[in-house]
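# Coordinates in review
Now for the letters of each chain:
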Amino acid sequence: MPEKNLLELEKKANQIRVDIIRSLVEAGSGHSAGPLDMADVFTAIYFGDVMKYDPKNPDWEERDRFILSNGHICPLLYATLAHAGFFPREELLSLRKLDSRLQGHPHRVALPGLETSSGPLGMGLSQAAGMAYSFLMDKKKNWVFAALSDGEHQEGNTWEAILFAGKYKLYNLTVLIDRNNIQIDGYTENVMPLESMVEKYESFNWHVQEIDGHNIESIIDAINESKAISTKPSVIICNTIPGKGVEYMERDYEWHGKPPGTKGNVGEVVEALYELRTLGGQIASEHE
Ligand SMILES: Cc1ncc(C[n+]2csc(CCOP(=O)(O)OP(=O)(O)O)c2C)c(N)n1
Ligand SMILES: [Mg+2]
């Protein structure tokens, strides 16, 4: 990929991170760690020329489907959809407000661009696999992307869907896992160990890739590789740093479900926005 395009995408991911923090601070509640850590992955999906969608025609039949299973990271999905043109960026500041279209967990019929409602964990892969299966039955070319968290792999329903997709060789399904090693109150390997995720998926007959979830070029390459596989479903295990871009949040599970600035701590907000606007030496202006 040309360096200029890659730089543009990295800048876009950081603008999205800034918008996430601004919306969370305005809401006064919500999740910080997961949204920040998956920003590079969502940027690659929506702006890396790998997914078909049309913000002017959100119900376009030929569109690919993006299913967010771990609904609590929706501040990221909302910011990404706004940047992609589904609704105005100013609306991001209505996150979690009464009557807002941007609820604390996604409400499908409320907002264009959402394919499912989510929040209760562990459902998204079953929904995505069902969609992928029906597209194959109908001989349709639509691709299904699903974002899942690592914590969701502690739920039985996720493994039923992994079995199902392997059995029916759902090659039109690409799953991207946020392997950030944290969940609500601890590190996954302490709460309920998940390793080895690579071997587990392989044994269920999936095509498996493990990548750096902050390297946008690698993410796009991995998605393109998944789309070239025609015999089995694909999973991309994205190793991420929870809270990516805000040093005091990084790798600390305490930031799973709270925004900066609660209890009047304005310094947290200033520090987070400063770090994100200068992340990687790039300035992510609010107005770009
Ligand atoms: C079925 C279900 N059980 C429990 C919860 C409460 N819950 C919300 S987020 C979360 C942590 C799950 O881990 P992960 O998705 O890996 O969290 P993150 O990496 O974003 O911190 C839990 C237990 C839920 N939303 N749904
Ligand atoms: Mg996690």
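Residues numbered from 1 in each chain as written. Chains lettered and ligands numbered in written order. Predicted model: local features only at pLDDT ≥ 70, side-chain atom pairs only at ≥ 80, totals over all residues.

## Concerning the site of ligand 1
Put simply, the test is: Nearness here has a simple definition: the residue's C-beta atom, placed using the backbone, must lie within 6 Å of the molecule or strand. For helices the rule is a DSSP run of H or I covering at least 4 residues; for strands it is a run of E covering at least 2, with both sets numbered from the N terminus onward. Residue polarity follows a fixed list, in which Ala, Val, Leu, Ile, Met, Phe, Trp, Tyr, Cys and Pro are nonpolar, Asp, Glu, Lys and Arg are charged, and the others, Gly among them, are polar.
Neighbouring ligand 1 are 19 residues; Gly34, Ser149, Gly151, Gln183 and His256 lie closest to it. Put simply, the parts of the chain that give the shell around ligand 1 at least two residues each are α2 (33-37) and β4 (182-183). Counted by class, the shell around ligand 1 contains 6 nonpolar, 10 polar and 3 charged residues.

## Brief notes about the pairing of strand β3 (residues 173-179)
A regular strand places its side chains on the two faces of the sheet in alternate fashion. So the rule is basically this: Exposed residues have 12 or fewer other C-beta atoms within 10 Å of their own C-beta, buried residues have 20 or more, and residues in between are partly exposed; the C-beta atoms are placed from the backbone. Pairing between strands requires that DSSP locate at least two bridges from one strand to the other. By the criterion used throughout, a crossover qualifies as right-handed when its path from the first strand across the helix to the second strand runs clockwise, the strands pointing away from the viewer.
With 7 of 7 residues buried, β3 lies mostly within the body of the structure. Across the two faces of β3 the burial is the same, with Leu173, Val175, Ile177 and Arg179 and Thr174, Leu176 and Asp178 all buried. When strand β2 (residues 144-149) meets β3, the two strands line up parallel, connected through 6 bridges. Each bridged residue has a counterpart across the sheet, and for Ala147 the counterpart in β3 is Leu176. As a crossover connection, the stretch from β2 through helix α6 (residues 156-167) into β3 is right-handed. As paired strands, β3 and strand β7 (residues 234-239) are joined by 6 bridges and run parallel to one another. Residue Arg179 lies in a different strand from β7, and its bridge partner there is Asn239.

## Structural notes on the packing of helix α1 (residues 3-27) against helix α3 (residues 39-47)
Stated formally: Angles run from 0 to 180 degrees between N-to-C directions of axes, and those axes are lines fitted to C-alpha atoms, restricted for helices to the stretch in contact. Under this scheme an angle from 65 to 115 degrees is roughly perpendicular, one under 35 degrees roughly parallel, and one over 145 degrees roughly antiparallel; angles in between are oblique. Left-handed describes a crossing in which the near helix is turned anticlockwise from the far one by less than a right angle; the clockwise case is right-handed. Our contact criterion uses C-beta atoms placed from the backbone: two residues qualify when those atoms are within 7 Å.
Contact geometry for α1 and α3: axes closest at 9 Å, N-to-C directions at 120°. The angle between the axes of α1 and α3 places the two elements in the oblique class. Considering how the two elements wind past one another, α1 and α3 form a crossing that is right-handed. From α1, Leu9, Lys12, Ala13, Ile16 and Arg17 reach across to α3, where they touch Ala39, Asp40, Thr43 and Phe47. The class makeup of the residues in the contact of α1 with α3 is 5 nonpolar, 1 polar and 3 charged.

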